[in-house]
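Observations on the model geometry
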Amino acid sequence: MTNAAQTTTEALSRVLGRTFGLYVQTHGYHWNVVGPEFRRLHAAFEEQYNNLWNALDDIAERIRSLGAHAPGSLAELTALAGPAPAPTQSAEAMVGALISGHEALTDELRRAIASAQQDGDEPTVGLLSDRLAWHQKQLWMMKAGRA
């Protein structure tokens, strides 16, 4: 594997870990949300965690296609997930925590896109750009729901 591919796979691994962490957080919120916005948030969280789950496979397979091994253990993914959010119980706090999680992941995606662009890895740029657009849309929708 070239140094360029190694840099990109390391960036993809960080995106994979952050995506995994946000998946677990979102799924937990789906299970535990309560209050007057229950039905709307329960459905929104389910839509998000399903998308995140599917993204994990795409990101891991991209790592493999570049010749590296994708982080596959709970310990590896947890180490790459970033800081765990504080436990929260209110629906409003859950949305706020997810906004923070999506913002952290968009920052990681931008760094990974820059790395892949520098390496001339257009397929990775495309994959990550699509992920970035999805996260930006989720941010917009969650923020608009708080206004």
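Quick note: structure is the one above.
Let me begin by describing the structure that accompanies this report. Not measured: the values here are computed from a predicted model. (Residues numbered from 1 in each chain as written. Predicted model: local features only at pLDDT ≥ 70, side-chain atom pairs only at ≥ 80, totals over all residues. Heavy atoms only, no water.)

1. Remarks on helix H2 (residues 38-65)
- For H2, which comprises 28 residues, the first-to-last C-alpha distance of 41 Å matches the rise-based estimate of 40 Å (1.5 Å per residue) to within 8%.
- If you check which residues of H2 are buried, you get Leu41, Phe45, Gln48, Tyr49, Leu52, Ala55, Leu56, Ile59, Ala60, Arg62 and Ile63.
- Where H2 terminates, the next one or two residues include Gly67, which has phi positive at roughly 95 degrees. (Helix = DSSP H or I, 4+ residues; strand = E, 2+ residues; numbered from the N terminus. Expected span 1.5 Å × (residues − 1). Buried < 20%, exposed > 50% of the residue type's maximum accessible area, 1.4 Å probe, protein only.)

2. Some words on the side chain of Gln25
- Structurally, Gln25 can be placed in helix H1 (residues 3-32).
- Looking at Gln25, the relative accessible area reads 11%, which means it is buried.
- Apart from the residues lying within four places of it in its own chain, the contact partners of Gln25 are Pro85, Ala97 and Leu98. (Contact = heavy atoms within 4.5 Å.)

3. A few points about helix H5 (residues 122-146)
- Helix length check: H5, at 25 residues, gives a terminal C-alpha distance of 36 Å against a target of 36 Å (1.5 Å per residue), a fit within 8%.
- Listing the buried residues of H5 in full gives Thr124, Val125, Leu127, Leu128, Arg131, Leu132, Trp134, His135, Gln138, Leu139 and Met142.

4. Things to note about the pattern of salt bridges
- The final tally for this structure, using the stated rule, is 7 salt bridges.
- A salt bridge links Arg14 to Glu108, with the nearest nitrogen and oxygen atoms 3.2 Å apart. Of this pair, Arg14 sits in helix H1 while Glu108 sits in helix H4 (residues 91-118), placing them 94 residues apart in sequence.
- A residue is classified by how much of its surface remains accessible, and Glu108, at 6% relative accessible area, is buried.
- Of the charged contacts, one joins Arg111 and Glu108 as a salt bridge, the two residues approaching to 3.0 Å between their closest N and O atoms. Residue Arg111 and its partner Glu108 are both found in helix H4; the two are separated by 3 residues, about one turn of the helix.
- Taking relative accessible area as the criterion, Arg111 reaches 48% and is therefore assigned partly exposed.
- Three or more residues joined by partner-sharing salt bridges are found here, namely Arg14, Arg18, Glu108 and Arg111. (Salt bridge = Lys/Arg side-chain N within 4 Å of Asp/Glu carboxyl O.)

None of the figures reported here should be taken as evidence of function without further support.
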